[in-house]
Amino acid sequence: MGQAARPASRRFYDINGWCFVSAALALIAAFMVYPICQSLWMSLHSGQGTVTEFVGLGNIGRLTSDPIFIKALSNTFVFLIVQVPIMIVLALVMASCLNMPNLKAKGIIRTIIFLPCVTSLVAYSVLFKSMFSYDGVINSTLAYLGLISEPIPWLSDPFWAKVVIIIAVTWRWTGYNMIFYLAAMQNIDKSIYEAARIDGISAFRRFISITIPMLKPVILFTTVTSTIGTLQLFDEAMNITSGGPSDSTLTLSLYIYNLSFKFVPNFGYAATVSYVIVILVAILAFIQFYAARERE
Amino acid sequence: MNFAKRTTLKAIAGLAFASTGMFSAAAASAKEVTVWAWDPNFNIAIMKEAGARYTAKHPDVTFKIVDMAKADLEQKLQTTLASGVTKTLPDIVLIEDYNAPKYLRSFPGAFAPMSGVVDYKQFAKYKVDLMSMGGKVYGLPFDAGVTGMYYRRDMIAKAGFSDKDMQNITWDRFIEIAKKVEAATGKKMMAMDPQDIALIRIMMQSTGRWYFDANGKLDIKNNPALKAALEVEAKLITQNVFKPTAGWGEWVGAFNKGDVASVLSGVWITGSIKAEASQSGKWGVAPIPALNIKGSVNASNLGGSSWYVLAGGKEKNTAIDFLNAIYAKDVDFYQVILQSRGAVGTMLASRNGKAYSEADPFFGGAKVWQSFSDWLVKVPSVNYGIYTAEGDAAVAAQLPNLAQGMPVDKVLDNIQQQLASQMK
Amino acid sequence: MMINWVEKIRNALTYTFLGVMAFLSLFPFGWMVISATNTSTDVTKGKLSFGSALFSNIGKFAEQFNIGLIFWNSAKVAILGTLFTLLVSSLAGYGFEVFRSRARERLYQGLLLTMMIPFAALMIPLFILMASADMLDTHAGVILPLISSAYIIFYFRQSTKAFPGELRDAARVDGLKEWQIFLFVYVPVMRSTYAAAFIIVFMMFWNSFLWPLIVLQSPEMKTITLVLSSMGSAYFPDFGVIMVATVMATLPTLVVFFAMQRQFVQGMLGSIK
């Protein structure tokens, strides 16, 4: 790059550029890049605590025959495949309802629906754990309404525990995504809708063929961030169910935690599992970008 | 600007440090021993009592006892040990017996050996075995996890049973009683977290077996104790003997609220049972049921923990001297913590104290502590090995299969497979 | 007439749907507030009406913990952390967007990739790093590694796209230096972007859990989330007291959100463009 013939203004421009980003880059280098390198190096080792040996790519081989890893991976995918679409669709529908021009109490409803995402992960996990306990408020309400005759073992049944996690995550994050959609919808030119309405196109068709395509970049953005979030799902699984019962809500991040802090500490293998998450996120993000581009 | 600000901050921080430094310089000879533990009503309170006793004789030594959740403590300890940084560690840390071999093996040199200082012959042997490695003994044995069966005398009476019927029974008999109690009172015999495998561990150790043999080798497929324990667990699940609960709080709540007729657990649960004062006089204690196989006794262990001194701690020697002076010598201390906290120590001489022979009106005037210390010496010794947490996870993962009627041999196969893959 | 009728049904459905959603959103908050006034046993039984144990719960909480200190710790971490994050990230977002070069574009893409790394993977190396810098058990040690958030840099860069270039050019003509343009033109114009980022980052710091859990050692340094977590996993959890703590942990983020709600939505609007 650094040719001597470069005009002075260009160099000035470049120096300014580096000045502005330098603080962030220095911090990223120290607190991201360096630990990443270190954990890559760690992932080539295996052992107990500080007693480790170099195993090269041995940890990768171990992954394929590790039933807990496979379980955690499949759980994570169940959360991903079930939770993310439910949340995105729900957020989209709510956003388009709230975007209706003559709706009353718009601001209040929007605020209420956004409210869950200001709670801390720990606080809301504690809340959900108490609400879904065997004798808890959810079971007693459902029984009162006559919807169930026996209490549902929310937290002690493998199926229901997954449901609780999905409900919890959806509760926490739907409003957050909705705000993005709502914001984007308000940027869409109203006259497009008006024209479509005059042409006799139904509200549902307008939603499918105007709103969705116009929101594509935002939907892509939220899908990618939600995917990352789900693949890294930790606090909820940790604080509501501790990954149980019988590993039915064990996520990859929680397995990393267990490998580091619950089982015989094997930080090398734990680092290897965490790079599985990195690779999965990269692949899924790529697919989502590709799919979005394809339809254009 | 950013950096300038930080320098100013640093300068201010430096000033603050300097001022605190002056204070500590004034009391240069003072020693502060830091301790990490996890239960304010139990081991924290007991450690405060122990500290007060030591400070009374050594006024220059004070104690800073840090309370944190058990999972947080273990996580913090492991991170710090793994990083090789010792200066933020405490001088003394409480470690659960199941985890002790794991820590000793994974972080060699992190803990200070105390053999040579402490006379280990005066402690229950199974405790000392757990803290021994390579000919050295680490840590100081603290509380016992000797198990008992606590039962509601009023509830079993409704079903036509008396205290006599509860003594030295088998698990099959326990299930029979459970059904009659439920028929008579409408209450379940016990509460259980369906993902908790505490009962399986109790049953296994009652025969002196574990997931691993004495050499630490995997012992699952041909382990009669584990097989019998899983069979009992399957019966408990399929025959609907227990009230399902999730987590510790719900489980404690079930017997405090009077929803269940018995509790099978370690002696440390006594405090939680007695916490519900309105149930005084209604409880009795009997030995736990035995498995229907050779070698199974009506005594076992669940949990229990010990104190370990960090080798890199500032006050290492003071910490060792303190533990030795109180926990290995002070019989009266053990009487106090038994009475105030229900802590059964593993120092054998402590059983001769007066508190152990006292009758407890909460348990209908029975000498429960005497019973527990009688059972303590019967607890079979096992080698927990370093992979107990992995073993627990492997068994817990199979519980749904067990509930759906998968043959126990197949379940054992699955456990073997998962555990083998974790032991690398 | 027909269309009017369809419209009415649709409105009714919309209101019902939004009403149900709003109820579901609020229900856990209601449960939290109700439970804070009940005893532990009533909470586990699922009692859905106000009790009289509020003051005894608060009293027990104050007895076990130094509430003022816990709040001070949380506020210190959250406010300092947020200010530094906003400063560093907006500088970077601005720099990446305004002064483009191939090298920086590459770095930026690399930066976005770091979003994918789960924190668990970095925890041990980060801990060793902080230990060697002698920053364990300090609030600075909690804040520093969390400042460099790729997400917030991304957010600022996206928002900067909406910053009118003419303003910058005019300022340059007026002879302002680049840092002056940033400080005196960009920052005031982008107020609402900062407000939105403030809420997001404030919540991130206030609610942070895993990293402070490892870095902070002594009880005097603990933040409210750490206290809440250890209360929840205690041997004898008192759910009434826990709910009081939950209310207290949630209240400040609610206040910040309500105080800055309008700017927040405006800021969001900016980032989408």
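What you see is a predicted model; the values in this text were computed from it and never measured.

The next thing to look at is the sheet that holds strand S7 (residues 147-152) of chain B. Residues and elements named next belong to chain B. Sheet architecture is open: five strands sit in the order S9-S8-S10-S7-S11, paired in mixed fashion. Of all the strands in the sheet, the pair left with one neighbour each is strand S9 (242-244) and strand S11 (283-286). Strand-to-strand, the axes of this sheet are offset by a mean angle of 30°, without reference to chain direction. As defined by bridge partners, strand S8 (residues 188-192) adjoins strand S10 (residues 260-266) across two bridges and the pair is classed as parallel. When the sheet's bridge partners are listed, Met190 is paired in S10 with Ser262.

Taken residue by residue, the interface counts 29 residues in chain C and 25 residues in chain B. Contact between chain C and chain B buries roughly 2500 Å² in total, counting both sides, with carbon and sulfur atoms accounting for 66%. Where chain C meets chain B, there are zero salt bridges. For the pair chain C and chain B, the number of links is two residue pairs in polar contact (both at pLDDT 80 or more). Among the elements of the structure, helix H2 (40-45), helix H4 (67-98), helix H6 (119-132), helix H12 (210-215) and helix H13 (224-232) of chain C are those that each provide at least two residues to the side of chain C that touches chain B.

For the rest of this paragraph, the subject is the nonpolar core. Grouped together as the largest cluster of nonpolar side chains are 350 residues, with contacts concentrated most on Phe111(B) and Tyr327(B). It is helix H7 (residues 158-186) of chain A that provides the largest number of residues to this core, a total of 15 residues. Non-local contacts of Tyr327(B), meaning those with residues more than four positions away in its chain, are made with Ile46(B), Met47(B), Ala50(B), Phe123(B), Leu140(B), Phe142(B), Trp307(B), Phe322(B), Phe333(B), Tyr334(B) and Met347(B).

All names here are of chain C. Relative to the assigned elements, Thr37 resides in the loop between helix H1 (2-35) and H2. Residue Thr37 is classed as buried on the basis of its relative accessible area, which comes to 8%. Within polar-contact distance, the side chain of Thr37 engages the backbone oxygen of Ile34 at 2.6 Å. Engagement of the side chain of Thr37 in a polar contact is seen with the backbone nitrogen of Gly51, the distance being 2.9 Å. With near-sequence residues (within four places) excluded, Thr37 lies in contact with Phe50, Gly51, Ser52, Ala53, Leu54 and Asn57.

To continue, consider the confidence of the model for chain A. Residue and element names in this part refer to chain A. Per-residue confidence for chain A averages 83 on the pLDDT scale, and 95% of its residues sit at or above 70. Predicted confidence in chain A is weakest over strand S2 (residues 51-54), with a mean pLDDT of 78, and strongest over helix H3 (residues 67-98), with 91. Every residue in residues 1-5 is under pLDDT 50, and counting partners more than four places away or in other chains gives two contacts.

What follows concerns unusual backbone geometry. Despite not being glycine, Ser242(A) has its phi angle at roughly 50°, a positive value. Among the structural elements, Ser242(A) can be located in the loop between helix H10 (235-241) and helix H11 (252-262).

Once that is clear, we can look at the domain arrangement of chain A. All names here are of chain A. Along its sequence, chain A is organised into domain 1 (8-54) and domain 2 (66-294). One C-alpha centre belongs to domain 1, the other to domain 2; they are set 31 Å apart. Both sides together, the interface formed by domain 1 and domain 2 hides about 680 Å², and carbon and sulfur atoms give 58% of it. On the domain 1 side of the contact with domain 2, Met42, Ser43 and Gly49 bury the most area, a combined 48% of that side's loss. Where domain 1 meets domain 2, there are zero salt bridges. Grouping the constituent residues of the side of domain 1 that touches domain 2 by class yields three nonpolar, seven polar and no charged.

Basis of the calculations
All chains use their own residue numbering, which begins from 1 and follows the written sequence. Written order decides the labels, with chains lettered from A and ligands numbered from 1. pLDDT decides what is reported in this predicted model: residues at 70 or higher carry local features, side-chain atom pairs at 80 or more are listed and counted, and totals for whole chains, interfaces and linings draw on all residues regardless. Computation of side-chain values covers all heavy atoms of the structure but excludes hydrogens and water. Strand pairing follows a simple DSSP-based rule, namely that at least 2 bridges must link the two strands. We count a stretch as a helix when DSSP gives it H or I for four or more residues in a row; a strand needs E for two or more, and each element gets its number in order from the N terminus. Every axis corresponds to a line fitted to the C-alpha atoms, with the helix fit spanning only the stretch in contact, and the corresponding angles, defined between N-to-C directions, vary from 0 to 180 degrees. By definition in these notes, contact holds between two residues if any of their heavy atoms fall within 4.5 Å. Put simply, buried area is the surface a 1.4 Å probe can reach on two separate parts but cannot reach once they are joined, added for both. What counts as a salt bridge is simple: a side-chain nitrogen of Lys or Arg found within 4 Å of a carboxyl oxygen of Asp or Glu. Pairs of N or O atoms within 3.5 Å make up the polar contacts considered here, provided that, within protein, one atom can donate a hydrogen while the other can accept it, and that residues adjacent in sequence are counted only when both atoms are side-chain atoms. Nonpolar cores were defined as sets of buried Ala, Val, Leu, Ile, Met, Phe, Trp, Tyr and Cys residues, with membership established by side-chain atoms within 4.5 Å. Relative accessibility thresholds used throughout: buried, under 20% of the residue-type maximum; exposed, over 50%; partly exposed, between the two (1.4 Å probe, protein chains only). For every residue, the predictor states its confidence as a pLDDT score lying anywhere from 0 to 100. All the domain ranges listed were derived from an automatic or database domain assignment. Three classes are used: nonpolar for Ala, Val, Leu, Ile, Met, Phe, Trp, Tyr, Cys and Pro, charged for Asp, Glu, Lys and Arg, and polar for all others, with Gly counted as polar.

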